[in-house]
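Summary of the model geometry
What follows is each chain in one-letter form.
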Amino acid sequence: MTGGLNLLIALAMGLNLVALASSRLPSVIRAAATQGMVLGLLPLLLEQEFHWMVGLVSVGTVVVKGFVIPHLLRRALRAANIDREMEPLLGFIPSLLLGAGATIGAVALGGALPLRPEHANSLLVPGAFATVVCGFLLLMGRAKAISQVCGYLILENGIFLFGLLLIRTTPLIVEAGILLDLTVAVFVIGIIVDRIQREFDTLDTRKLTSLKE
Amino acid sequence: MTPGWLLLVAGLGMLIGMVSAFRAKRVWLAATITSAVAALAAAAWVLKAGATWVGRTTLAIGGEPIHLQLDGLSAFFLALLALLGGAGSLYAMAYWTDQQHPVSATSGRAWWNVLLLNMGLVLIVANGLHFLIVWELFTVSAYFLITRERHRREVRAAGWLYLAASHAGTLCLFAFFACLAAHTGNWELGSMRERMELAPLFWLALAGFGLKAGLFPLHIWLPSAHANAPSHVSAILSGVAIKMGIYGLVRFSGWLPVPDLAGWVVAGLGVLSAVLGVAFALGQHDLKRLLAYHSVENIGIILIGLGFAMMAAANGHAAWGQLALAGGLLHVWNHGLFKALLFLGAGSVLHATGTREMSRLGGLWRSMPWTAGLFTLGAVAISGLPPLNGFVSEWLVFLGLFDALSARGATAGAAIPAAVLLGVTGALALACFVKVCGVVFLGLPRSKVAEQAHECGWPMRIPMIVLGTACVAIGLAPVLFWPAIVTASAAWQPFWSETAAPAPLLTLGAFHLVVAALAALAAFALWRRARHNGIRRTGTWDCGYAAPTPRMQYTAGSFAGIITGWFRWILRPERHARIPNEPFPAHAKFEEHTPETVLEHVIEPAGSLVMRVSTAVRRLQHGRLQAYILYLLIGLAALALVALMGGGK
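Residues numbered from 1 in each chain as written. Chains lettered and ligands numbered in written order. Predicted model: local features only at pLDDT ≥ 70, side-chain atom pairs only at ≥ 80, totals over all residues.

When helices and strands are tallied, chain B shows 25 helices and 4 strands. A compact globule built from 649 residues should have a C-alpha radius of gyration of about 26 Å, and chain B, at 26 Å, falls within 12% of that. A principal-axis box enclosing the C-alpha atoms of chain B has dimensions of 95 × 65 × 60 Å. Out of the 649 residues belonging to chain B, those deemed buried represent 50%. Taking the contacts inside chain B whose residues are at least 6 apart along the sequence as the reference set, 79% of them involve residues at least 24 apart. (Helix = DSSP H or I, 4+ residues; strand = E, 2+ residues; numbered from the N terminus. Rg over C-alpha atoms; globule rule 2.2 N^0.38 Å. Buried ≥ 20, exposed ≤ 12 C-beta atoms within 10 Å, placed from the backbone. Contact = placed C-beta atoms within 7 Å.)

In this section: the overall build of chain A. The helix and strand tally for chain A stands at 8 helices and 0 strands. From first element to last, N terminus to C terminus, chain A shows the α and β order α-α-α-α-α-α-α-α. Expected size for 213 residues packed as a compact globule is a radius of gyration near 17 Å; at 17 Å, chain A falls within 12% of this value. Counting only C-alpha atoms and orienting by the principal axes, one finds that chain A spans roughly 55 × 35 × 30 Å. By the burial criterion, 40% of the 213 residues in chain A qualify as buried. Counting only contacts in chain A whose residues sit at least 6 apart along the sequence, the fraction spanning at least 24 positions is 76%.

As a further point, take helix α14 (residues 369–382) of chain B. Residues and elements named next belong to chain B. Along its 14 residues, α14 runs 20 Å from first to last C-alpha, staying within 8% of the 20 Å computed at 1.5 Å per residue. Of all 14 residues making up α14, 10 are buried, and the element is well covered by its neighbours. Elements that come into contact with the buried residues of α14 comprise α11 (287–314), α12 (319–353), α13 (364–367), α15 (389–406), α16 (410–441) and α18 (458–476). Looking one or two places after α14, you find Gly384, whose phi comes out positive at around 70°. (Expected span 1.5 Å × (residues − 1).)

Attention now goes to helix α19 (residues 478–492) of chain B. All names here are of chain B. Its 15 residues place the ends of α19 21 Å apart at the C-alpha level, agreeing with the 21 Å of an ideal helix rising 1.5 Å per residue. Where α19 bends most, the angle comes to about 25°, and this point is Ala484. For α19, the buried fraction is high: 12 of the 15 residues fall into the buried class. Residues Pro478, Phe481, Trp482, Ala484, Ile485, Val486, Thr487, Ala488, Ser489, Ala490, Ala491 and Trp492 constitute the buried set of α19. (Bend = angle between axes of the 7 residues up to and from the residue.)

Before going further, it helps to spend a moment on the pairing of strand β3 (residues 574–578) of chain B. Residue and element names in this part refer to chain B. The buried fraction of β3 amounts to 0 of the 5 residues, a small share that puts the element mostly on the outside. Relative to strand β4 (residues 589–593), β3 runs antiparallel, the two being bridged by 5 bridges. Of the residues in β4, the one forming a bridge with Arg578 is Lys589. (Pairing = 2+ DSSP bridges.)

Ala39, Ala43, Ala79, Met119, Ile304, Leu341 and Cys471 of chain B are the most contacted members of the largest nonpolar core, which has 210 residues in total. It is α12 of chain B that provides the largest number of residues to this core, a total of 19 residues. Here this core spans two domains, and each of domain 1 (259–527) and domain 2 (552–579 + 588–593) of chain B adds at least three residues to it. Non-local contacts of Leu341 of chain B, meaning those with residues more than four positions away in its chain, are made with Leu374, Gly378, Met464, Leu467, Gly468 and Cys471 of chain B. Within the second largest apolar cluster, 53 residues are counted, among which are Ala76, Val133, Phe136 and Leu182 of chain A. (Core = buried A, V, L, I, M, F, W, Y, C linked by C-beta atoms within 7 Å. Domains from an automatic or database assignment.)

When the domains of chain B are assigned, the result is domain 1 (259–527), domain 2 (552–579 + 588–593) and domain 3 (598–645). The gap between the C-alpha centroids of domain 1 of chain B and domain 3 of chain B is 51 Å.

We now examine unusual backbone geometry. Residues and elements named next belong to chain B. In this chain, Phe216 is followed by Pro217 through a cis amide linkage whose omega measures 5°. One can find Pro217 in the loop between α7 (201–213) and α8 (222–228). Cis geometry marks the peptide bond from Pro386 to Pro387, where omega comes out at 5°. Relative to the elements of secondary structure, Pro387 occurs in the loop between α14 and α15. In this structure, Arg572 is a non-glycine residue whose phi angle is positive, near 45°. Relative to the helices and strands, Arg572 resides in the loop between α23 (568–571) and β3. The class of Arg572 is partly exposed, set by 13 C-beta atoms lying within 10 Å.

All names here are of chain B. The topology assignment puts Arg156 in helix α6 (residues 153–184). Considered as a pair, Arg156 and Ala640 are 484 residues apart in the sequence and their alpha carbons are 51 Å apart. With sequence-adjacent residues up to four places away left out, Arg156 is seen in contact with Thr147 and Arg150.

It is worth spelling out the packing of helix α4 (residues 92–112) of chain A against helix α6 (residues 124–141) of chain A at this point. Residue and element names in this part refer to chain A. Between α4 and α6, whose axes approach to 8 Å, the crossing angle comes to 155°. Of the possible angle classes, the one that applies to α4 and α6 is roughly antiparallel. The hand of the α4/α6 crossing is right-handed. Residues Ser95, Leu98, Gly99, Ala102, Thr103, Ala106, Val107, Leu109 and Gly110 of α4 touch α6, and the partners they reach there are Val125, Pro126, Phe129, Ala130, Val133, Cys134, Leu137 and Gly141. Residues that form the contact of α4 with α6 fall into these classes: 12 nonpolar, 5 polar and no charged. (Axes fitted to C-alpha atoms, helices over the stretch in contact; angles between N-to-C directions. Parallel < 35°, antiparallel > 145°, perpendicular 65-115°, else oblique. Left-handed = near helix turned anticlockwise from the far one by under 90°. Nonpolar A, V, L, I, M, F, W, Y, C, P; charged D, E, K, R; others polar.)

What follows concerns the packing of α14 of chain B against α18 of chain B. Two quantities define a packed helix pair, namely the angle between the helix axes and the distance between the axes. Residues and elements named next belong to chain B. Close contact between α14 and α18 brings their axes to 10 Å; oriented N to C, the two are set at 30°. Between α14 and α18, the angle falls in the class roughly parallel. Seen from above, α14 lies across α18 with left-handed handedness. In this structure, α14 uses Trp370, Leu374, Leu377, Gly378 and Ala381 to contact α18, whose residues at the interface are Arg461, Met464, Ile465, Gly468 and Cys471. Across the contact of α14 with α18, the residue classes break down as 7 nonpolar, 2 polar and 1 charged.

Below, the discussion takes up the pairing of strand β2 (residues 64–70) of chain B. Residues and elements named next belong to chain B. As defined by bridge partners, strand β1 (residues 53–61) adjoins β2 across 6 bridges and the pair is classed as antiparallel. Across the sheet, Val54 pairs through a bridge with Gln69, a residue of β2. With antiparallel pairing between neighbouring strands as the criterion, β1 and β2 make up a hairpin whose turn holds 2 residues, including Gly62 at a positive phi of roughly 65°.

Further remarks concern the environment of Ser224 of chain B. Residues and elements named next belong to chain B. Inspection of the secondary structure puts Ser224 in helix α8. Residues Ser224 and Arg289, spaced 65 residues apart in sequence, show a C-alpha to C-alpha distance of 6.7 Å. With residues up to four places along the chain from it excluded, the contact list for Ser224 reads Ala157, Ala158 and Leu161.

Turning our attention to the environment of Gly66 of chain A. Residues and elements named next belong to chain A. In this fold, Gly66 is placed in helix α3 (residues 52–80). With 44 residues separating them along the chain, Gly66 and Gly110 place their C-alpha atoms 28 Å apart. If we ignore the near neighbours within four places in the chain, the residues touching Gly66 are Ala33, Gly36 and Met37.

The share of residues in chain B with pLDDT of 70 or more is 99%, and the mean pLDDT across the chain is 90. For this predicted complex, the interface score ipTM comes out at 0.79, alongside a pTM of 0.82. (pLDDT = per-residue confidence, 0-100.)

Here is the structure:
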């Protein structure tokens, strides 16, 4: 079972790098969505006995992260009529290198941390670290609002991975609540993207500095 | 009438004056002077009886019941405030008239009363919270009085500097009173000498009250504020307001225990202030700025007395401490009297000529004999020459220092340099006032305005005469004022209640009377001879130069040039000169002025460093979301690092 778990987490870590390296926005969205779906399956693998609530959350996560959110984002993309991150603050190759470095660092850190025996052999903690850092890299390195939303989604996926460490103690309703928050946040950002586009004729968030003071 | 009723009359008089300042200036004058007389009477009652008046009400301000207390020490300072306040009010009527200053004169009168009232309250409140409130009101009202002529840039700059420095001091006092209240559990003030854990608070008090008192190097605000204020305000600021700092130091070093080093530090700062204050004064060409630096010098003399008294108290209440303290306290009165007299005299010169620049004055003795005579009287007093009051208080400090020499130990070692430097200070002060009187009042007028000067009127002359008389009275009969000093020093240190005047003081009084009688006799003889033989006027010897002009006279700068040269290391005078070297020189010029060294070489560089750093830090806030996230990440990483290193324990 740990083998299957680690395989999925490794897949999620690979998707981080895909998101960091691609310049086309649809593929970034796709990477984030796939990662969300992969992570949505994890609770099923972690739970020893099947519980209908776990199944519900799993299905909900897959549906929301894999279909609803990407759909909302693609719609915003169409409305804004863009599909490329033209001038990132941090280039694609440097992002990729930094992301790879962060992934290696996360694995090393996971080895150094005093974890509980049942988590010692899994990639859960390194995967969570790597995903959070890659989410931050996307947030910091990209100028377009859509890419930043994707960075935010990936960051949330990392937090979700951390949350899995506590799956026995966290009520699943909390997970469900987080999911709802996320959907609403992306929905709102979709609207904001549309408004920014109409007002500034661009989605470059650097232009937002003109709003300060 | 008891002091309580007198103080009530004084307070009401001040309030009536505040209200009537805008419409009825005669009512204002009457109310203010009545209130000054009432306060003086209350102070005299307490000083004479040696009893403490305490007033408590259930009425609360800020949750604290009002608690007033007029003991010997408060009364000692209150007497000075009342005398100078009354004299300044009368002077202001003629000096800062409604005709010349239609807007600032009326509001200035109101602020004047706010200032006097709150200084009086500072002296009598016995509650930490109320002390802070009236202290702040006193500070702020002084700011509005300093900036009467705020259309002038240098006045605004001076006011701003005063406000900033005062608030730095008030901040220390907030910390002081808050820590005190935290330790004692309430805001009530009073003697708590036995609680040794309060001793370190003295350093906060020294910083806060020291800034107000203007001791070196905390004096940065003082010269410009005193020079740019109207002269009656300069007089009250220099005569009383900076003494509030001294009052605070004396009060709380008496009520609270002090650290072992406190006496040494206070005496050391006193010596520093005394010598450097007079050195800076010598470098000034602005009459009022020069007088302001002399305040730093005299605060230094007061602190030498206080510092040695604290050393004596720490040494088992040695008797020489009482002499030093008596000298310091009497110098509070004396400096208040003669400095106010000098500022009023300088105001009279400024009123008549419109300039404070000494190099544009000269020969004013002929046109302004009253002002010149009274100013010279003040100059003799401040230089510490017999038979006037300055000599009495400095003599008492000297006596304390000489007796400390016989005590053996470390204090004796400190007393020798202190006595020597105090002597140097007196000599330098004398040189400085020879320069002032010589340049301003003697010789020939250096400019048109000095030629057209006129004598001031009686409303300006009477306050100066009153102050001059007080100077002479303390000088000729110091023994009469000894009981007041004893009452004040007993409030500071109950062990020192020796009521008999020391023998040297009696001798000194007799000596002063003889000197004064001889001087009067000599003056009379000279006057008779002059009348008998007639006066023949002739040109002074001009080295054979055919056409001397007033511009060839010694200037203020050249007069003091040699002495300021000795202090070049600290004064750092700025000199712009074009020295002629050809046989027929076309152009030559020489300019020298002494900046405020501590301000320009310490405070301003430090301030601009802070500005540069803050501007650089401000660049971090630019509105780019991506970078803000980076800051977050860096912060998180730093926290994680701290936690991993085990720093979180």
